[in-house]
Structures are given as C-alpha cells and as structure tokens.
Amino acid sequence: MKALTWQGKRDVRVETVPDPKIEEPTDAIIRVTTSGLCGSDLHLYEVLTPFMTPGDILGHEPMGIVEEVGAAVPDLQVGDRVVVPFQIACGNCWMCLTGLPTQCETTQVTAEGMGAALFGYTRLYGAVPGAQAEYLRVPQAQYGPIKVPEGPADDRFLYLSDVLPTAWQAVAYAEVPKGGSVAVLGLGPIGDMACRIAQVQGAGRVFGVDLVPERLQRAKARGVETFDLRSFDDEKELVEAIRDQTDGRGPDAVIDAVGTEAHGSAAARMVQNAAAMLPRKIGGPMAERFSVDRLAALYTAIELVRRGGTISLSGVYGGMADPLPMLTLFDKQIQMRMGQANVRRWSDEIIPFLTDEDPLGVDDFATHRVTLDEAPEAYDMFQKKRDGAVKVLIKP
C-alpha cells in the first residue's frame, strides 16, 4: 500500500510499504477513506524529530471502511463505516472505565513512561503505524472505532477522531460559566472548533487571538470577538485590550490551543532546533531530559485569565525543563487542566451535534482536500500557513 512516511526534519514522503495484517484477535483492518492533517503532525515535522525513526507512518485522524476483523471484535463487521480515535485504548481497564482512555493501562507505553499508545506519533507513544495511508491496522478494535451512518460525506464525522473531542475537552476543562467569557489563544483547527463549542454551550463572550488573517476571518464570521496579534506591540497590550472588554478582570477562562510552537519564544525555539539537528542517539536523550517549550502562549494565558479563573491547555507541550511563573499561578489562584483528549469519553455527547443543521460547521470546516500523493506539499503549506490552510484532509 501507499503511506506517508517520516524521513527527517521537514521531510515526509509517500512510499510503498507492506499492507497491515491482523496481528491480535482484538485487531481490525480498515480501508482509509479520509485522514486529517493535524497541527500535532507539524510537531513531528519540526520539533519532535529526536523521537522519530525514518520510515514511521504518520497520521492519527482516520475514518474508513472495515475490511477485516479479529476474532475478539464482536461489534464490528466487514463493511462498517467507522471513525478511529487517535489514541488506542482497551475500554476495560480502570483508567478507561474512569473516563481516561488516554491513560489506558493496557496500552500505556510504560517503557517510555508515557500514557496510552497513539497512532503515528513517535516512539514515546508506541511507534504505532499511522493513518495517512491506504489501510490501517486498528488495535483494540473492540472499543476504539466509532460506527457512523452511511450517507453524509466523511467531513460530517471525521473530526470525531481528534478535532471535536480535543476541542470539546478543552472547553469542558475550561469550565466556562453560563454567560461567562473565554479567550482562545490560537485559531487553528482546535482553537477554531473550541470557539464554536463554547458558543453552542452558552458562553456569553468568546475572544479569539491569532495572527493569520484567514483564521481570524473564519472565527469572526461565526461571532467570535477576534484580536489580531500583529496589531499589538507586546503581550501586555493584548492583555489590556481583552481586559478592557471584561470589566478589567480578564476572561473567566483561557484556552491555550497553540502549544509548544508558539510565536515569540526565540530562545526556546533555538534550543528545540538544536536538539532536532543532533544525531538521534544524542538528540533523543537530550530532548527527554532537558527539552523546553516555546511558552509565549502559556505565559499570555497566565497573565490574561482573571484571578480565580481557569486555564485549559489543549496545545501539545513536551518540555521537561520549562520555567513557570509559579508565584503568579499561586497568587492568582489559577486552576489548570490539560492533557490529550479522551475521545470516547466525549464522543457520545458530540454525536447529537453532527446533524444536517450542522451547528458546529463541520461540513465545511476543511479548507483543503488533497490526495495522498500531494500530502508532502500539504505539510509544507500547512506548516507555513500558506493559502489560507486551516484544516487539510487527505484522500488516499
């Protein structure tokens, strides 16, 4: 089959690789009909290269048609149309039953000290072959795949794999009071969708911050009060502008949908790039022990949120030696919640919104659709924020 493989920093290629096969009774094989390109994929493209191996198959946002099922997968049949969550979880362990499939005790990558295995996401998360491919082996298929009806285009349901539950969890963790206010930093796919979910769930005011014109326009068109980062000389001006809209206090909650590759963190970027350029045997251990994030977005969130407010982190962070303003966090009595989205924890709540009325705007959420052969160029376009790219879908 054809698959998109990682070969080095900013170097992804479509190659012919062996077709996946059933390896365990709980496996299934799906023919991928659509796979998303995620902002998290760009971390592999850029800063997490020390944890990658040439030939790794990328991608973690798939849906498709079941082609084969293992003997221990009773609820799937050949021909079923399914969305596959980005994390791999059993559904039966204590963590899964507690609503934390991201911490699944069956698939935890204990050798690396990490949580549940993920599709297409570095050796830290199991080096499981990913979904930007023609076919995908799905471990723990007795629990993970979400069956969806025939009829609507893939766009209606695909985002159940990652975008929707990640944004849904971001809003849930933010605990925005009814009629309250929330600021979303970063209006890429997750931030954009988080704004929409916050509105649907009754937030009184939703502020969105970004510096890409097309992203700001998309959010503004749906009623978000947008702030263009380029219009401010520094963080303090931005913070004051939003505080002015919230009786001088700041919003009740802030969602950081940017993560480790924030703009305005030059020193941390230099360290990340240095680690990525080292040989993998050196760069990997260095990144594990001494890595730092670009924390500009998180620092802004800490400064911006009102006293006693909540910060919800959905942007991916991977640093092990990050300096944090603990005095400010403590003094402002800020609550913080974070983590990978627990997809199956939220999917049943989300599905009723995936109707013909389309309150979340999923049917036209994608800005670009490409073939698998065009995926390398799509990575470059998305990473450089060219051509208004917000969400790219790959059709094998």
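Residues numbered from 1 in each chain as written. Predicted model: local features only at pLDDT ≥ 70, side-chain atom pairs only at ≥ 80, totals over all residues. Heavy atoms only, no water.

The name recorded for the chain in an unreviewed UniProt entry is Threonine dehydrogenase-like Zn-dependent dehydrogenase, from Streptomyces albogriseolus.

Peer 1: Help me understand the overall build of the chain in this model?
Peer 2: A count of helical and extended segments in the chain gives 13 helices and 16 strands. For 396 residues, the compact-globule estimate of 2.2 N^0.38 gives 21 Å, and the C-alpha radius of gyration of the chain, at 20 Å, lies within 12% of that figure. Per-residue burial for the chain yields a buried fraction of 57% across its 396 residues. Accessible surface computed for the chain: about 16,500 Å², of which carbon and sulfur atoms make up 52%. (Helix = DSSP H or I, 4+ residues; strand = E, 2+ residues; numbered from the N terminus. Rg over C-alpha atoms; globule rule 2.2 N^0.38 Å. Buried < 20%, exposed > 50% of the residue type's maximum accessible area, 1.4 Å probe, protein only. Areas by Shrake-Rupley, 256 points an atom, 1.4 Å probe, with all protein chains shown as cover.)

Peer 1: Even after reading the chapter, I still don't get the sheet that holds strand 14 (residues 335-338), so can you show me in this structure?
Peer 2: Hydrogen bonds between backbone atoms are what pair the strands of a sheet, whose relative direction is either parallel or antiparallel. Read from one edge of the open sheet, six strands run 11-10-9-12-13-14, paired in parallel fashion. Taken across any chain shown, the strands that pair with only one partner, and hence form the sheet edges, are strand 11 (225-228) and strand 14. Averaged over all neighbouring strand pairs, the angle between strand axes comes to 20 degrees, with direction disregarded. Two strands pair when backbone bridges link them, and strand 12 (residues 253-256) and strand 13 (residues 310-313) are joined in this way by four bridges, in the parallel orientation. In the strand pairing of strand 13, Ile255 is matched with Ser312. (Pairing = 2+ DSSP bridges. Axes fitted to C-alpha atoms, helices over the stretch in contact; angles between N-to-C directions.)

Peer 1: I tried to follow the pattern of salt bridges on my own but got confused; where do I start?
Peer 2: In total, this model carries 24 salt bridges according to the counting rule given. The partner of Lys391 in a salt bridge is Glu61, with the nearest N and O atoms 2.7 Å apart. Highlighted residues: Lys391 in the loop between helix 13 (375-383) and strand 16 (392-395) and Glu61 in the loop between strand 4 (56-57) and strand 5 (62-69), separated in sequence by 330 residues. Considered together, Lys391 and Glu61 belong to a single accessibility category, that of buried residues. Residue Asp247 pairs with Arg249 through a salt bridge whose shortest N-O separation is 3.6 Å. Summarising the burial analysis for this pair, Asp247 and Arg249 share the class exposed. Several salt bridges share partner residues, and in doing so they unite Glu377, Asp380, Lys384 and Arg386 into one network. (Salt bridge = Lys/Arg side-chain N within 4 Å of Asp/Glu carboxyl O.)

Peer 1: So what exactly am I meant to see when it comes to the packing of helix 7 (residues 235-243) against helix 10 (residues 296-304) here?
Peer 2: A packed helix pair is summarised by two numbers, namely the angle formed by the two axes and the spacing between the axes. Closest axis-to-axis distance for the helix 7/helix 10 pair is 10 Å, and the angle between their directions is 40 degrees. The angle between the axes of helix 7 and helix 10 places the two elements in the oblique class. When you trace helix 7 past helix 10, the crossing you get is right-handed. Contacts from Glu235, Leu238, Val239, Ile242 and Arg243 in helix 7 reach Tyr299, Thr300, Glu303 and Leu304 in helix 10. Residues of the contact of helix 7 with helix 10, tallied by class, amount to five nonpolar, one polar and three charged. (Parallel < 35°, antiparallel > 145°, perpendicular 65-115°, else oblique. Left-handed = near helix turned anticlockwise from the far one by under 90°. Contact = heavy atoms within 4.5 Å. Nonpolar A, V, L, I, M, F, W, Y, C, P; charged D, E, K, R; others polar.)

Peer 1: What's the story with unusual backbone geometry in this structure? I'm lost.
Peer 2: Backbone phi values are negative for most residues with the exception of glycine, while trans is the configuration of most peptide bonds. Even without glycine at this site, Glu175 takes up a positive phi of about 50 degrees. Mapped onto the elements of the fold, Glu175 is located in the loop between helix 4 (163-174) and strand 9 (181-185). Residue Glu175 is classed as partly exposed on the basis of its relative accessible area of 48%. With a phi close to 55 degrees, Gln333 is a non-glycine residue in the positive phi region. Relative to the elements of secondary structure, Gln333 occurs in the loop between helix 11 (326-331) and strand 14. Among the residues examined, Gln333 registers a relative accessible area of 61% and is labelled exposed.

Peer 1: Mind showing me how you'd approach the sheet that holds strand 1 (residues 2-8) here?
Peer 2: As summarised here, the arrangement of the three strands in space is 2-1-4, forming an open sheet in which the pairing is antiparallel. One side of each edge strand has no neighbouring strand; the edge strands of this open sheet are strand 2 (11-16) and strand 4. Sheet topology places strand 1 next to strand 4; two bridges connect them, and they run antiparallel. The residue of strand 4 that forms the bridge with Thr5 is Ile57. Along the sheet, helix 13 contacts strand 1 and strand 2; its crossing angle with strand 2, the most-contacted strand, is approximately 160 degrees.

Peer 1: What is the right way to look at a nonpolar patch on the surface in this model?
Peer 2: A contiguous nonpolar surface patch, about 290 Å² in accessible area, is contributed by Tyr299, Leu324 and Met326. Examined against the element boundaries, Leu324 turns out to sit in the loop between strand 13 and helix 11. (Patch = residues over 30% accessible without salt bridge, like charges linked within 9 Å, V, L, I, M, F, W, Y side chains within 5 Å.)

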